[in-house]
Amino acid sequence: MSEDAFIVSPTKKHTGTIIFLHGLGENGENWKLVLSKMVKPNVKVICLNAKKIPLTLNKGFPTAAWFDLASLDENKLEDETSIMRAVEKLHDIIDEEIASSKVSATKTMLAGFSQGGALAMYAALTYHKRLAAVMVMSSWPVLRHTLPDAAVSNTNIPMLQCHGTEDPVIYYKWGLILADALKEMNPKHEFKSYEGLMHAVNDQELQDVKTFINKIFP
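Residues numbered from 1 in each chain as written. Predicted model: local features only at pLDDT ≥ 70, side-chain atom pairs only at ≥ 80, totals over all residues. Heavy atoms only, no water.

A.B. asks: What should I look at first to understand the overall build of the protein in this one?
C.D. replies: Of the regular secondary structure elements, the protein holds five helices and nine strands. Taken from the N to the C terminus, the helices and strands of the protein come in the order β-β-α-β-β-β-α-β-α-β-β-α-β-α. For the protein, whose C-alpha radius of gyration is 16 Å, the value lies close to the compact-globule estimate of 17 Å for 218 residues. Seen through its principal axes, the protein has C-alpha atoms that stretch 45 × 35 × 35 Å. Counted over contacts in the protein with a minimum sequence separation of 6, partners at least 24 positions apart contribute 75%. (Helix = DSSP H or I, 4+ residues; strand = E, 2+ residues; numbered from the N terminus. Rg over C-alpha atoms; globule rule 2.2 N^0.38 Å. Contact = heavy atoms within 4.5 Å.)

Below is the structure:
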């Protein structure tokens, strides 16, 4: 998996894992630098890299993406086949990491930004084992029409969702739609908004993320 990810290796006994998914057109390198400053020495961070695929949203131009996307309009049809293929692949990655590291699902957090967060959240809700937590930033609800029925697991674990109020890419209202859906399912869901923040992160959000991570992995 190492060639498909940027990894922060634990420097003490490995007792927790974060699997992080970047946003559209990115890779995991920058997130590795950000998250490496947040975690304690016992935590491993795996910042996965999406493969480049012909992206409909980008006129078919190959773009690093977790699944195909035709539009950022919430009313347009989603590519359900592409999304479910990505969900299944992420489930396999979690299984492989648990098997190789011997660190259990209950000590594994899924996290992501934008499209990566959207996939991480849906994958967590449909994964067959209980996870430690989920954390997403600037994300939206994929396959919303299948929820809550598709949510077979992880509806009672700590969840942190962050979103900027001025996001021009993934509109704040989409974050609120996701938050409403999650609140219905999970009493441990927490939503934090950042006044004036666009499709990015700021110091306050990063501090909130760090606090959340260190609460899950003390």
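Next comes the rest of the write-up.
A.B. asks: Which parts of the structure should I look at to understand the sheet that holds strand β3 (residues 43-48)?
C.D. replies: The strand order across the open sheet built from seven strands is β1-β3-β2-β6-β7-β8-β9, with neighbouring strands paired in mixed fashion. Looking at strand neighbours, the two that pair on one side only are β1 (5-8) and β9 (189-194), the edges of this open sheet. With strand direction ignored, the average angle separating the axes of adjacent strands in the sheet is 15°. Alignment of strand β2 (residues 16-21) against β3, held across six bridges, turns out to be parallel. By the bridge assignment for β3, Gly-16 is matched with Val-43. Each of β1, β2, β3, β6 (108-113) and β7 (133-137) is contacted by helix α1 (residues 29-36), which is oriented at about 15° to β1, the strand it contacts most. Relative to the sheet, helix α3 (residues 115-126) contacts β2, β6, β7 and β8 (159-164), its axis offset from that of β6 by approximately 145°. (Pairing = 2+ DSSP bridges. Axes fitted to C-alpha atoms, helices over the stretch in contact; angles between N-to-C directions.)

A.B. asks: Can you walk me through the packing of aromatic side chains in this structure?
C.D. replies: One pair of aromatic rings is described through two measures. These are the centre distance and the angle between the planes. For the coordinates displayed, the defined rule picks out four aromatic pairs. A centroid spacing of 5.0 Å and a plane angle of 55° characterise the contact between Tyr-171 and Trp-174, whose relative ring orientation is tilted. Take Tyr-171: its relative accessible area is 41%, and that puts it in the partly exposed class. Residue class for Trp-174 comes out buried when judged on its relative accessible area of 6%. (Phe/Tyr/Trp six-rings, centres within 6.5 Å; stacked < 30°, edge-to-face > 60°. Buried < 20%, exposed > 50% of the residue type's maximum accessible area, 1.4 Å probe, protein only.)

A.B. asks: Can you walk me through the environment of Gly-164 in this structure?
C.D. replies: By secondary structure assignment, the location of Gly-164 is in strand β8. With a relative accessible area of 0%, Gly-164 lands in the buried category. Once the C-alpha coordinates of Gly-164 and Lys-192 are considered, the two residues, 28 residues apart in sequence, prove to be 8.7 Å apart. In this structure, Gly-164 is in contact with Tyr-172, Tyr-194, Leu-197 and Met-198, ignoring residues within four places of it in sequence.

A.B. asks: What am I meant to see in unusual backbone geometry here?
C.D. replies: For the bond running from Leu-147 to Pro-148, omega is 5°, close enough to zero to count as cis. Positionally, Pro-148 belongs in the loop between β7 and β8. Notably, Lys-59 is not glycine yet its phi reads approximately 55°, a positive angle. Its place among the elements puts Lys-59 in the loop between β4 (52-55) and β5 (61-64).

A.B. asks: Quick question: what am I supposed to make of the pattern of salt bridges here?
C.D. replies: Opposite charge on two side chains makes pairing possible when the charged atoms of those side chains draw close. Enumeration over the complete set of coordinates arrives at three salt bridges. Of the charged contacts, one joins Lys-44 and Glu-97 as a salt bridge, the two residues approaching to 3.2 Å between their closest N and O atoms. Within this pair, whereas Lys-44 is found in strand β3, its partner Glu-97 is found in helix α2 (residues 80-101), the two being separated by 53 residues in sequence. Residue classification places Lys-44 among the buried residues on the basis of a relative accessible area of 17%. The class for Glu-97 is buried, based on a relative accessible area of 4%. Of the charged contacts in the structure, one is a salt bridge between Lys-192 and Glu-190, with a shortest N-O distance of 3.5 Å. Exposure remark for Glu-190: the relative accessible area of 32% places this residue in the partly exposed category. (Salt bridge = Lys/Arg side-chain N within 4 Å of Asp/Glu carboxyl O.)

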